[in-house]
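Structural description and commentary
One-letter residues, chain by chain:
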Amino acid sequence: MIDIFYENEHEDIAFTHLKAIDQNLTHKTFSHCQFKNCDFSQSDFSSSFFEDCLFKECNLSLARFYGGKLRNVHFENSKLLGIHFNKIDTFIIAISFKDCFIQNCNFSDLTLKASMFQQCKILESDFINTDLSGSNFTYSTLTGTKFDNTNLSKANFSFAKDYAINPLKNKTTKTILTLPDAISLLKYFDFIVK
């Protein structure tokens, strides 16, 4: 069995029930790998390369990906707290999230066109100067999450809730919203609603 801690190249491997808390996993390559029910909290993946990988039911709280590459990486039913995605290598970034708990994460200054954030709890996170055009936030909860100078053109917020999107400070051309939560946009205008 290949050891994730000592080997640097990993391809077509399924890692399950791996406990790697506060570990140095820098400068490693993972291609077509799956991580299921693993705990990588506080671990350092800086300068590591992930391509066509899946994290399912994993804990990535306070993990670091500084200078790392994430290409076609999917997160499902995972916990992501305090991750600075804005520090990853931005060349050909492709990430998606489904049924994840995302809190205090920073996605600012990234190009994440057509990304998926479906059925997630995204709390107190930042999407400042981010290109999210065509992205999918359906059925997600976005309490305390900041959108500022963000491109949300054609983004889908159907059945999403608790978002605060100021249409005067973000690009919202053909952004998809559903009632009743779409009414929250009225607070940015000087309307009196009776």
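Heads up: these notes are all about the structure in this document. (Residues numbered from 1 in each chain as written. Predicted model: local features only at pLDDT ≥ 70, side-chain atom pairs only at ≥ 80, totals over all residues. Heavy atoms only, no water.)

1. What about the side chain of N166?
Stated precisely, the cut-off is as follows: Labels follow the DSSP assignment, with helices taken as runs of H or I lasting at least four residues and strands as runs of E lasting at least two, numbered in each case from the N terminus. The rule is simple: take the accessible area with a 1.4 Å probe, protein chains only, and divide by the maximum for that residue type; under 20% is buried, over 50% is exposed, in between is partly exposed. In protein, a polar contact means a hydrogen-donor-capable atom and an acceptor-capable atom, both N or O and within 3.5 Å, with residues adjacent in sequence counting only if both atoms are side-chain atoms; elsewhere, any N or O pair within 3.5 Å suffices.
Along the chain, N166 turns up in the segment after β13 (146–148). Owing to a relative accessible area of 13%, N166 belongs among the buried residues under this scheme. At a separation of 2.8 Å, a polar atom in the side chain of N166 contacts the main-chain amide nitrogen of L168.

2. Observations concerning the sheet that holds strand β11 (residues 121–123)
Worth spelling out the cut-off: Only when DSSP finds a minimum of two bridges between them are two strands counted as paired. The convention used is that axes are lines fitted to C-alpha atoms, helices contributing only their stretch in contact, and that angles between N-to-C directions extend from 0 to 180 degrees.
Taken together, three strands build an open sheet; the order of strands is β7-β9-β11 and the sheet is parallel. Every interior strand has two partners, whereas the edge strands, β7 (79–81) and β11, have only one. For this sheet, the mean inter-axis angle between neighbouring strands, taken without regard to orientation, is 5 degrees. Examined bridge by bridge, β7 and strand β9 (residues 101–103) share three bridges and lie parallel to one another. Paired with L81 across the strands is Q103, a residue of β9.

3. Thoughts on the pattern of salt bridges
Just so we agree on the cut-off: Salt bridge, as used here, is a side-chain nitrogen of Lys or Arg placed within 4 Å of a carboxyl oxygen of Asp or Glu.
Enumeration over the complete set of coordinates arrives at two salt bridges. Across the pair D89 and K69 runs a salt bridge whose closest N-O atoms are separated by 3.5 Å. With D89 in the loop between β7 and β8 (94–98) and K69 in strand β6 (residues 69–76), this residue pair connects regions lying 20 residues apart in the sequence. In this structure K69 comes out as partly exposed when scored by relative accessible area, which is 29%.

4. Concerning the pairing of β8
Two elements, β6 and β8, share five bridges in a ladder whose sense is parallel. For F75, the partnering residue across the bridge sits in β8 and is F97. With three bridges connecting them, β8 and strand β10 (residues 116–118) associate as parallel partners. What sits directly across from F97, in β10, is F117.

5. Notes on the packing of aromatic side chains
Describing an aromatic ring pair means giving the distance of the ring centres and the angle of the ring planes. Our working rule: Pairing of aromatic side chains requires ring centres within 6.5 Å, counting the rings of Phe and Tyr and the six-membered ring of Trp. Pairs whose planes differ by under 30 degrees are stacked, by over 60 edge-to-face, and all others tilted.
One pass over the structure, following the stated rule, counts 32 aromatic pairs. Centre to centre, the rings of F35 and F50 are 6.2 Å apart; their planes meet at 65 degrees, and the pair counts as edge-to-face. On the criterion of sequence distance, the pair formed by F35 in strand β4 (residues 34–36) and F50 in strand β5 (residues 49–56) is long-range, its members being 15 residues apart. Like F50, F35 is buried. Measuring from centroid to centroid gives 4.8 Å for F117 and F137, while their planes differ by 5 degrees, and the two rings are stacked. With F117 in strand β10 and F137 in the loop between β12 (126–128) and β13, this pair connects stretches of sequence that are 20 residues apart. A relative accessible area of 0% places F137 in the buried class.

6. A look at the side chain of S43
Heads up, the condition is: Residue contacts are counted whenever heavy atoms from the two residues lie within 4.5 Å of one another.
Relative to the assigned elements, S43 resides in the loop between β4 and β5. For S43, a relative accessible area of 0% translates into the label buried. Residue contacts for S43: discarding those within four places in its chain leaves A20, I21, D22, Q23, L25, L62, A63 and R64.

7. What about the environment of Y188?
When you line up the elements, Y188 lands in the segment after β13. Measuring from C-alpha to C-alpha, the distance between Y188 and L62 comes to 34 Å, with 126 residues separating the pair along the chain. If near-sequence neighbours (up to four positions away) are discounted, Y188 is found in contact with A164, I165, N166, P167 and L168.

8. Overview of the pairing of β5
Remark: a regular strand shows side chains that alternate across the two faces of the sheet. Looking at chain direction, strand β3 (residues 29–31) and β5 are connected through three bridges and run parallel. When the sheet's bridge partners are listed, S31 is paired in β5 with E51. Sheet topology note: the β4/β5 ladder contains three bridges and is parallel. Counterpart to Q34 in the pairing with β5 is L54. Where β5 meets β6, seven bridges bridge the pair, whose relative direction is parallel. Within β6, the residue paired with F55 across the bridge is F75.

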